[in-house]
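Structural features, examined
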There are 2 protein chains.
Amino acid sequence: MDKPNIVTCTAPVNIAVIKYWGKRDEELILPINSSLSVTLHQEQLKTTTTVATSRSFQEDRIWLNGKEEDITHPRLQSCLREIRRLARKRRGDGDPSVDSTGLSHKVHICSVNNFPTAAGLASSAAGFACLVYTLARVFGVEGELSGIARQGSGSACRSMYGGFVQWIMGKKDDGKDSLAQQVEPETHWPELRILVLVASAERKPVGSTSGMQTSVQTSSLLKHRAESVVPGRMVEMIEAVQRKDFAAFAELTMKDSNQFHATCLDTYPPIFYLNSVSQQVISLVHRYNRHYGETRVAYTFDAGPNAVIFTLQQHVPEFVQVVQHFFPPETNGGQFFKGLPVNHAALSEELKQAIGLEPMPKGISYIISTKAGPGPCVVEDPTLHLLGSTGLPKNTV
Amino acid sequence: MDKPNIVTCTAPVNIAVIKYWGKRDEELILPINSSLSVTLHQEQLKTTTTVATSRSFQEDRIWLNGKEEDITHPRLQSCLREIRRLARKRRGDGDPSVDSTGLSHKVHICSVNNFPTAAGLASSAAGFACLVYTLARVFGVEGELSGIARQGSGSACRSMYGGFVQWIMGKKDDGKDSLAQQVEPETHWPELRILVLVASAERKPVGSTSGMQTSVQTSSLLKHRAESVVPGRMVEMIEAVQRKDFAAFAELTMKDSNQFHATCLDTYPPIFYLNSVSQQVISLVHRYNRHYGETRVAYTFDAGPNAVIFTLQQHVPEFVQVVQHFFPPETNGGQFFKGLPVNHAALSEELKQAIGLEPMPKGISYIISTKAGPGPCVVEDPTLHLLGSTGLPKNTV
């Protein structure tokens, strides 16, 4: 058989601080409001994707986390179709860098996450960003790709950039102006730290696709939020990021998380993503900040009970001790801290008293400590390809 | 000493189905939106108040549930002042029915509830309604009294009438047009039943006075709700009550409860009144209704975790079995069912499976079964006075 053309790339997870919830177009994935996110560092959380093309391949195939999946999934097909269309267009425009021989070839795609699915993090954002970025490399497509990633999974468009990223909702019916844009690079705010508090899963939450459909159909508060609240918050949030104003950034992040969950509750039937562990984290953060008389820590929650915490480097050691105190972990095995190393800090009795919550044993499984990071990258080392020279996964689960 | 003039009255609790949350005037207790409630039957839940006046009394005094309380409480003073002002006005107008001799006398007030405070029900509504109604009798004041009760506790104005009651928010700055009005009497919908599911209290929730202040100050969704959502809902709800359209009444009730709690979550810092027991009741009701393909049961929650359930008489026996199954009560003593007797019903495996929730043992302490009832009443039997001929409470705790 022909030696396949193989490319491997990685892409990051992103966490929205101004939330996206609700589509105005389900097919093209056009949102009812703009949103803004922080790209997490790939050292802690990333998707790796290898794409191979070969004349010998009989059909498009995909393996996700070691298991072959259905390639006919409509959103996967959208991304494949769009990339191939752009590649054909470039060839038609006479760009010599496009390898026209491979254009008619079938693709094999293999993708894995370096973080457990149980983390409940929006893996589809990193997944589709990585898919689109890798396919573009394979087919020699350059330029704006967030509009294609968006058609795989809305928030994937924000994972196409590092640092602080806005997804501008756009106005056009064809979605051409609904794109992600970097607000500031990952080097802009080096003191910012992110802690992912993985809640011990109690039950599977409502999926975000069906959840936001129901919300758009039934919540009048969501409509108001999208039209009258978010536009102002986007401006405020961009300014807070640019000024590196932690208190402003943190308060707006918390308010926006709360408002998103409020619109879920205003949905009929209501959707609950926050559980008692999430409520305890929220109380803990507000009491911690109140104790110090300043906003040192912020929470945000996506469509699940896990908290993502923002704070500054200097406050990390104490705050993780606080978390460990109020969510005593399982003692028998399992690593509680993952990611960037955290120095030990002592916890004062005064602070414990000021917070004054009843500890919830085992409420949190583990903490991943990370920071803002770069956008998608090409992996140059060929030994790291997930597909072998036969075009099949090197490792399957 | 002079024989005191003694009057005893009772007044009901009410449960809002279109919620009141947020004041436009803290002093006069003028709301930012209209609301609508069902008056609960006094056989299950009532406040009894005795007021005595005598030339011999040295000062105004009050005993609540057997304990003397501070009479200088501003809202108590508002009610006393307003009733005395109206009485003086009537005397000035030359109404012969006003007993002008008692007008300068001090009052002794004694008030008790026939339901445990632990029930977490809005006892201040029944309490202030009863106070105002009884004072009015003592001082010979007649006519519209809901505007005075409102100044004791906003929702108390709705407890001045039986059946289905709206509190029209009014527009005037002096609050003269912010009054309660009966929509339909308690005889209008005899099949309607109400179950109070008293959640095992975990923690004391945020008080409603301070909670709604924070919400008005910080929640943009609350403002939108008051201005743009509630006016339409009031019209819809009144029509649903008048048509006795249970499905319409029930759905609007659930949506409005959810939206109120959504605005609490949109408050900064957020307020949580719903806990995991409340969330389980909400899921249970929606799954129960879905199983039957019709809306047979509705929930509503005030500023606490207790659910109030509306249903029709025919569905009560089965639904209470459902509650008992998914919230297995404590086995060692304690009465689980209180109030109107409930027939036994069998619970099909099919229904249990369809609901499919994990039972929460002891999540609910007990259920009070009741129905719509009348407004405040005079107690004619003098042996039932709470104050003796000395003007002091007959029983103190």
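Treat the numbers as computed from the prediction; the structure is a model and nothing was measured. (Residues numbered from 1 in each chain as written. Chains lettered and ligands numbered in written order. Predicted model: local features only at pLDDT ≥ 70, side-chain atom pairs only at ≥ 80, totals over all residues. Heavy atoms only, no water.)

**What to know about the overall build of chain A**
Within chain A one finds nine helices and 17 strands. Taking 21 Å as the expected radius of gyration for a compact globule of 397 residues, we find that chain A reaches 22 Å, a close match to that expectation. Along the first, second and third principal axes, the C-alpha atoms of chain A reach 70 × 50 × 40 Å. The proportion of buried residues among the 397 residues of chain A is 58%. By sequence separation, contacts in chain A at least 24 residues apart represent 77% of the contacts at least 6 residues apart. Working note: accessible area of chain A is about 16400 Å², and carbon and sulfur atoms make up 49% of it. One finds the centroid of the 40 positive side-chain charges in chain A at a distance of 2 Å from the centroid of its 39 negative side-chain charges. (Helix = DSSP H or I, 4+ residues; strand = E, 2+ residues; numbered from the N terminus. Rg over C-alpha atoms; globule rule 2.2 N^0.38 Å. Buried < 20%, exposed > 50% of the residue type's maximum accessible area, 1.4 Å probe, protein only. Contact = heavy atoms within 4.5 Å. Areas by Shrake-Rupley, 256 points an atom, 1.4 Å probe, with all protein chains shown as cover. Lys, Arg positive; Asp, Glu negative; His and termini not counted. Charge placed at Lys NZ, Arg CZ, Asp CG, Glu CD.)

**Description of the interface of chain B and chain A**
Taken together, the contact between chain B and chain A spans 27 residues of the former and 27 residues of the latter. Where chain B abuts chain A, roughly 2400 Å² becomes buried across the two surfaces, and 64% of that area is made up of carbon and sulfur atoms. Our count for the contact surface shared by chain B and chain A stands at zero salt bridges. Among the elements of the structure, α5 (220-243), α6 (246-265) and α7 (276-292) of chain B are those that each provide at least two residues to the side of chain B that touches chain A. For the side of chain B that touches chain A, the element with the most residues is α6(B), which contributes nine residues. Residue classes in the side of chain B that touches chain A are distributed as 12 nonpolar, 10 polar and five charged. (Buried area = accessible area lost by both parts, 1.4 Å probe. Salt bridge = Lys/Arg side-chain N within 4 Å of Asp/Glu carboxyl O. Nonpolar A, V, L, I, M, F, W, Y, C, P; charged D, E, K, R; others polar.)

**A short note on the side chain of Ser159(B)**
Structurally, Ser159(B) can be placed in the loop between α3 (146-152) and β10 (164-168). The contacts of Ser159(B), once residues within four sequence positions are left out, are Pro12(B), Val13(B), Asn14(B), Ala125(B), Ala126(B), Ala129(B) and Pro376(B).

**Section: the packing of aromatic side chains**
In this structure the tally under the stated criterion is 26 aromatic pairs over all chains. Aromatic side chains Trp189(A) and Phe246(A) sit 6.4 Å apart centroid to centroid with 75° between the ring planes, which places their arrangement in the edge-to-face category. Residue Trp189(A) is found in the loop between β11 (179-184) and β12 (192-199), and its partner Phe246(A) is found in helix α6 (residues 246-265); the two are separated by 57 residues along the sequence. With a relative accessible area of 3%, Trp189(A) lands in the buried category. Overall, Phe246(A) belongs to the buried group, its relative accessible area being 7%. Geometrically, the ring pair formed by Tyr288(B) and Phe319(B) is edge-to-face, given 5.1 Å between the ring centres and 75° between the ring planes. (Phe/Tyr/Trp six-rings, centres within 6.5 Å; stacked < 30°, edge-to-face > 60°.)

**Regarding the environment of Ser257(B)**
Residues and elements named next belong to chain B. For Ser 257, the position within the fold is in helix α6. Relative accessible area serves as the criterion here: at 1%, Ser 257 is assigned to the buried category. For the pair Ser 257 and Thr 300, spaced 43 residues apart in sequence, the C-alpha separation works out to 5.3 Å. Setting aside residues up to four positions removed in sequence, Ser 257 forms contacts with Lys 19, Tyr 299, Thr 300 and Phe 301.

**Focus: unusual backbone geometry**
Residues and elements named next belong to chain A. Pro 269 follows Tyr 268 through a cis peptide bond whose omega is -10°. A positive phi angle, close to 50°, is found at Lys 244, a residue other than glycine. Mapped onto the fold, Lys 244 is located in the loop between α5 (220-243) and α6. Although it is not a glycine, Lys 362 sits at a positive phi angle of roughly 60°. By the element assignment, Lys 362 lies in the loop between α9 (349-355) and β16 (364-370). The class of Lys 362 is partly exposed, set by a relative accessible area of 48%.

**Some remarks on the domain arrangement of chain A**
For an interface, size is often stated in terms of accessible area lost upon the parts coming together. Residue and element names in this part refer to chain A. Looking at chain A, the domain boundaries give domain 1 (5-188 + 378-384) and domain 2 (192-370). Between the C-alpha centres of domain 1 and domain 2 there is a distance of 27 Å. Across the boundary between the two partners, domain 1 contributes 31 residues, which contact 44 residues of domain 2. Area buried by domain 1 at its contact with domain 2 is led by Ile 18, Lys 19 and Trp 21, which between them contribute 28% of it. Across the contact surface, domain 1 and domain 2 share one salt bridge. (Domains from an automatic or database assignment.)

**What to know about the relation of the copies chain B and chain A**
Laying chain B over chain A is done by rotating through 180° and shifting 0.0 Å along the axis; what remains is an RMSD of 0.0 Å. The two molecules are tied by a two-fold rotation axis, judged by turn and shift. No C-alpha of chain B approaches the rotation axis more nearly than that of Ala262(B), which lies at 2.1 Å. In this assembly, 100% of the residues forming the interface of chain B have copies in chain A that are likewise at the interface, indicating an isologous arrangement. (Least-squares fit on C-alpha atoms with pLDDT ≥ 70 in both.)

**Here's the deal with the sheet that holds β10(B)**
Residue and element names in this part refer to chain B. With antiparallel pairing, the four strands of this open sheet are ordered in space as β2-β5-β10-β11. Looking at the sheet topology across the chains shown, the edges are occupied by β2 (14-18) and β11 (179-184). Taken over all neighbouring pairs, the strand axes of this sheet differ in orientation by 35° on average, direction set aside. Summarising the sheet, β10 and β11 pair through five bridges and their orientation is antiparallel. Counted as the bridge partner of Trp 167 is Ala 180 from β11. Against the sheet, α5 touches β2, β5 (35-39), β10 and β11, its axis set at about 115° to β2. (Pairing = 2+ DSSP bridges. Axes fitted to C-alpha atoms, helices over the stretch in contact; angles between N-to-C directions.)

**Side note on the sheet that holds β11(A)**
Residues and elements named next belong to chain A. Read across the sheet, four strands follow the order β2-β5-β10-β11 without closing on themselves; strand pairing throughout is antiparallel. Single-partner strands in this sheet number two, and they are β2 (14-18) and β11. Here the strands of the sheet are splayed against their neighbours by 35° on average, with no regard to which way each runs. Of the strand pairs in this sheet, strand β5 (residues 35-39) and strand β10 (residues 164-168) are connected by four bridges, and their pairing is antiparallel. Among the inter-strand pairings, Ser 37 is bridged to a residue of β10, identified as Val 165. Sitting on the sheet, α5 is in contact with β2, β5, β10 and β11, with an inclination near 115° to β2.

**Focus on the environment of Thr8(B)**
All names here are of chain B. Within the secondary structure, Thr 8 sits in strand β1 (residues 5-12). Separated by 333 residues in the primary sequence, Thr 8 and Pro 341 place their C-alpha atoms 28 Å from one another. Ignoring sequence-local partners within four residues, the contact set of Thr 8 consists of Thr 48, Thr 49, Thr 50, Thr 134, Cys 377, Val 378, Val 379, Leu 384, His 385 and Leu 386. Reaching out from Thr 8, the side chain makes a polar contact with the side chain of Thr 50 at a distance of 2.7 Å. (Polar contact = N/O pair within 3.5 Å; in protein donor to acceptor, adjacent residues only side chain to side chain.)

**Overview of the pairing of strand β14 (residues 307-312) of chain B**
Residues and elements named next belong to chain B. In terms of residue burial, β14 counts as a mostly covered element, since six of its six residues are buried. Inspection of the sheet shows strand β12 (residues 192-199) paired to β14 by six bridges, in the antiparallel sense. Along β14, the bridge assignment pairs Val 196 with Val 308. Two strands pair when backbone bridges link them, and strand β13 (residues 297-301) and β14 are joined in this way by five bridges, in the antiparallel orientation. Each bridged residue has a counterpart across the sheet, and for Phe 301 the counterpart in β14 is Ala 307. With antiparallel pairing between neighbouring strands as the criterion, β13 and β14 make up a hairpin whose turn holds five residues.

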